[in-house]
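# Analysis of the macromolecular model
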Amino acid sequence: YVSVFPPYLKISDVATAGTPHQGLATGAAQVWIRNQGCPSPCTQVFQMQADNALMSNMNSKTWRGGFGRNPQGSGGTDWTTMASDFDNVMLGCGFVDRLGAPANVEYSVCGLMPGAKHFVTYPGPYPQYGHGDYLEDTNTT
């Protein structure tokens, strides 16, 4: 907590693409660090692994009343999250999806925030979005 930072921000809409809201697969942090050249220990990346205490708290239904599963700004926030099952960084995190089905390598749920109102998923075979491909796709369809 920083005293000069406001307790709430007024953010009405958020859209994320390929964000590991439910955490990276165990071991994915080390692979990412090696591929990106992040200086060790790169604490922030390890905190994003699903088995880390921070991500465990963020995805808990009881920690802070489940606030991490659906963070809200002052006046409410409408969340849209996008994920692809071809995302090599977040694929197969071992969670269950929002409908209760077990997560597996055929359906990535890591980029979906449990409390979001809108989910956009790319299950394949087209487009085969890898991590970051959302930002480079110029196709309007």
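Structural notes, computed from the coordinates. (Residues numbered from 1 in each chain as written. Predicted model: local features only at pLDDT ≥ 70, side-chain atom pairs only at ≥ 80, totals over all residues. Heavy atoms only, no water.)

A few words on the overall build of the chain. Within the chain, the regular secondary structure consists of 4 helices and 3 strands. For the chain, with 141 residues in total, the buried portion stands at 32%. Contacts spanning at least 24 positions in sequence make up 65% of the contacts within the chain whose residues lie at least 6 apart. (Helix = DSSP H or I, 4+ residues; strand = E, 2+ residues; numbered from the N terminus. Buried < 20%, exposed > 50% of the residue type's maximum accessible area, 1.4 Å probe, protein only. Contact = heavy atoms within 4.5 Å.)

Reading across from one edge, β1-β2-β3 is the order of the 3 strands in this open sheet, with parallel pairing throughout. Of all strands in the sheet, those bounded by a partner on one side alone are β1 (13–17) and β3 (118–122). The mean inter-strand angle of the sheet, taken between neighbouring strand axes irrespective of direction, is 10 degrees. (Pairing = 2+ DSSP bridges. Axes fitted to C-alpha atoms, helices over the stretch in contact; angles between N-to-C directions.)

Once that is clear, we can look at the environment of Asp-87. Take Asp-87: it is sitting in the loop between β2 (78–84) and β3. Along the primary structure Asp-87 and Gly-130 are separated by 43 residues, whereas in three dimensions their C-alpha atoms are 4.2 Å apart. In this view, Asp-87 contacts Gly-18, Tyr-129, Gly-130 and His-131; residues no more than four positions away in its chain are not counted.

To continue, consider unusual backbone geometry. Although it is not a glycine, Arg-64 sits at a positive phi angle of roughly 50 degrees. Tracing the chain through its elements places Arg-64 in the loop between α3 (53–58) and β2. For Arg-64, a relative accessible area of 55% puts it in the exposed group.

Turning to the pairing of β2, a few remarks are in order. Each regular strand shows side chains that alternate between the opposite faces of the sheet. Inspection of the sheet shows β1 paired to β2 by 5 bridges, in the parallel sense. Each residue of the ladder has a partner; that of Ala-15, found in β2, is Thr-80. Pairing of β2 with β3 involves 5 bridges; the strand directions are parallel. Along β3, the bridge assignment pairs Thr-81 with Phe-119.

Another aspect to go through is the side chain of Thr-81. When you line up the elements, Thr-81 lands in strand β2. Setting aside residues no more than four positions away along its own chain, Thr-81 makes contact with Thr-16, His-21, Gly-111, Leu-112, Met-113, Ala-116, His-118, Phe-119 and Val-120.

Following the sequence through the fold, His-118 ends up in strand β3. You can call His-118 partly exposed: its relative accessible area is 37%. Between the C-alpha atoms of His-118 and Asp-78, which are 40 residues apart in sequence, the distance is 8.2 Å. Setting aside chain neighbours within four positions, we find His-118 in contact with Asp-78, Trp-79, Thr-80 and Thr-81. Here the side chain of His-118 touches Asp-78 through a polar contact of 3.0 Å, side chain to side chain. (Polar contact = N/O pair within 3.5 Å; in protein donor to acceptor, adjacent residues only side chain to side chain.)

As for its position among the elements, Ser-60 is in the loop between α3 and β2. Of the polar contacts made by the side chain of Ser-60, one reaches the backbone nitrogen of Trp-63; its length is 3.0 Å. Apart from the residues lying within four places of it in its own chain, the contact partners of Ser-60 are Gly-66 and Arg-69.

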